Amino acid sequence: MGLPLVLLLLLPAVLPARCCEPPEGSAGAVRALGARLLGLAGDPARDPDPAVYLALRLAREHDPRLERRYLERLQDTFRHYGRSLQGHSRWDAERSTYVSREEPPHTGRLALYLLGLQATCPPLSPHRSLVTWLKYYLEEDWTGSRRQGHPVTSYYQYGLGVLALCVHRKRVREEVVRRLLTAQHHGRLGHGGNTVDTEAVVALAFTCLEQRRLVGTGLAAKLRVAAQEASRNMAKAQGPDGIIGNIYSTPWALQVFLATGECQTEPAFGQAMAALLENLEAFGTAATMAQVLPVLHGHSYLDIASMPCREEPDTLTPLDMEPLAEVPGNKTVQLVVECPVPWCYELRLYDRLVPVPAGASLLDVLQAAAALEPRHFRFHAQDTPQGPFLTQVLGLEARQEKRNYWQILTAPNTPLQTGIADYRPQDGETLILRLSEW
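In short, a report on the structure. Because the structure is predicted, anything quoted here is derived from the model rather than measured.

**With respect to the sheet that holds strand β7 (residues 414-415)**
Sheet architecture is open: five strands sit in the order β2-β1-β8-β6-β7, paired in mixed fashion. Both outer strands of the open sheet, β2 (348-357) and β7, are each paired with one neighbouring strand and no more. As defined by bridge partners, strand β1 (residues 330-338) adjoins strand β8 (residues 430-437) across five bridges and the pair is classed as parallel. Looking across to β8, one finds that E338 is bridged to R434. On the sheet, helix α15 (residues 362-372) packs against β1, β2, β6 (404-410) and β8 and is oriented at approximately 105° with respect to β2.

**A short note on the pattern of salt bridges**
Opposite charge on two side chains permits pairing when their charged atoms draw close. Under the definition given, this model contains 15 salt bridges. For R65, the salt bridge is made with D314, and the minimal N-O distance between the two is 3.2 Å. A residue pair is termed long-range when its members are at least 10 positions apart, and R65 in helix α4 (residues 64-77) and D314 in the loop between α14 (286-296) and β1 qualify at 249 residues. A salt bridge links R348 to D351; its shortest N-O distance comes to 3.0 Å. We classify R348 as partly exposed; its relative accessible area is 43%. Within the structure, one salt-bridge network assembled from shared partners comprises E139, R173, E175 and R179.

**Some remarks on the packing of helix α13 (residues 267-278) against α14**
Contact pair α13 / α14: the axes reach a minimum separation of 11 Å and the direction vectors enclose 130°. Between α13 and α14, the angle falls in the class oblique. Along this stretch, α13 crosses α14, giving a crossing that reads as left-handed. Mapping the contact onto sequence places M273, L276 and L277 in α13 and V292, V295 and L296 in α14.

**Considering the state of the cysteines**
Here, disulfide denotes a covalent bond that connects the sulfur atoms of two cysteines. Considering all chains together, one arrives at three disulfides under this definition. The side chain of C121 participates in a disulfide bridge whose partner is C309; the two sulfur atoms lie 1.8 Å from each other. Residue C121 is found in the loop between α6 (107-118) and α7 (128-143), and its partner C309 is found in the loop between α14 and β1; the two are separated by 188 residues along the sequence. Assessed through its relative accessible area of 0%, C121 is described here as buried. With a sulfur-sulfur separation of 2.0 Å, C339 is cross-linked through a disulfide to C344. Here the S-S torsion is close to 80°, and the disulfide linking C339 with C344 is therefore right-handed. This pair shows no difference in class: C339 is buried, exactly as C344 is.

**Regarding the pairing of β1**
β1 sits mainly inside the fold: seven of its nine residues count as buried. Across nine bridges, the pairing between β1 and β2 is antiparallel. Looking across to β2, one finds that T332 is bridged to P355.

**Quick notes on the packing of α7 against helix α8 (residues 155-167)**
Relative orientation of the contacting elements α7 and α8 amounts to 150°, with a least axis distance of 10 Å. It follows that α7 is roughly antiparallel to α8 by the angle criterion. The hand of the α7/α8 crossing is left-handed. In this structure, α7 contributes V131, L134, K135, L138, D141 and W142 to the contact, and α8 contributes Y155, Y158, G161, V162, A164 and L165. Considered class by class, the residues forming the contact of α7 with α8 number nine nonpolar, one polar and two charged.

Conventions used here
Residues numbered from 1 in each chain as written. Predicted model: local features only at pLDDT ≥ 70, side-chain atom pairs only at ≥ 80, totals over all residues. Heavy atoms only, no water. Pairing = 2+ DSSP bridges. Helix = DSSP H or I, 4+ residues; strand = E, 2+ residues; numbered from the N terminus. Contact = heavy atoms within 4.5 Å. Axes fitted to C-alpha atoms, helices over the stretch in contact; angles between N-to-C directions. Salt bridge = Lys/Arg side-chain N within 4 Å of Asp/Glu carboxyl O. Buried < 20%, exposed > 50% of the residue type's maximum accessible area, 1.4 Å probe, protein only. Parallel < 35°, antiparallel > 145°, perpendicular 65-115°, else oblique. Left-handed = near helix turned anticlockwise from the far one by under 90°. Disulfide = S-S within 2.5 Å. Nonpolar A, V, L, I, M, F, W, Y, C, P; charged D, E, K, R; others polar.

Below is the structure:
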């Protein structure tokens, strides 16, 4: 038996101060965001999210007792992974009943949990089978789609897996790393804001492997060049408003500047940080708050690897989120679906006015359209840690091997910067769902 969890966390972590931090005067807004995330974390009705725990641990102010309880809930969620593997390709008999009721988490979710264990203080060593599972997922992720030459899940999750193993000082086969290098070199990492997210995670993994000397010198040199290239790409992707990719991708880009030390010399860093501080209201869910909070404290996921254990003040108090006020009345939104050649013979497949309550989100609009005309409009959205992600409209599925995705625009041609569950269109606004190539 190891030490009780409470004893393990008596000396929480305080990360060293970083030179690349938000400007003076923003501390109050950053603290309020952390308090709101803490309030959401304390809600027992919400499923625990390892990314939320990581954000709480990488912040400067803490509530150690609430963080301990949250970690205990995470451990309970992943407890069924703490037993030994049998056969590498199937669950053992003792676990089969449980697994039939619940799918195992994806590569990325398990990777985030392992990063969370490293962020405790002292770090909690994962059961060996958890690391074995992650290595297994990395192989299965690729083998399952070898014909297409990309992971079954995504390069984003694949990169998170490599990053988590690196932070735990676990070596991965060089072939696994080279797959990511090849994908970056050939521009296969994604589309739009998703490119920034994925390239950032991959760059963090490369930087970790190179800095921790977990690969040979030849490969380490290539990883260093690739991380620098990713950093340049993010600077090029910055818009005049300071946002890189979209508002939710920007924190990932800042993590790369922080991890590589380029936050001190790259002008895009300060401009992007200012853009985040001006748009903090966009981060209204636990998942999006967890994305932005670490960089607002000047830290990246690579800092998890070197968190020192010191006493930290118990100074943060949870702030309960107030429910959105109901907006009286109704509104009408023009919903358009477009599918260009070569996927469809005609461009405009759907064009209807959809009446909804005045406070309705885009997701509410889609659901209302499906309820009004179930034969003519249907859609599917996949749940992700960042909220629902549109994957299928009118039976047309966006697929990675086809290099297409459902782009959402406000007319005439402005890409949406927020998720479908968070965006609230105006009365009379036209929204376009366009199958697009990346």
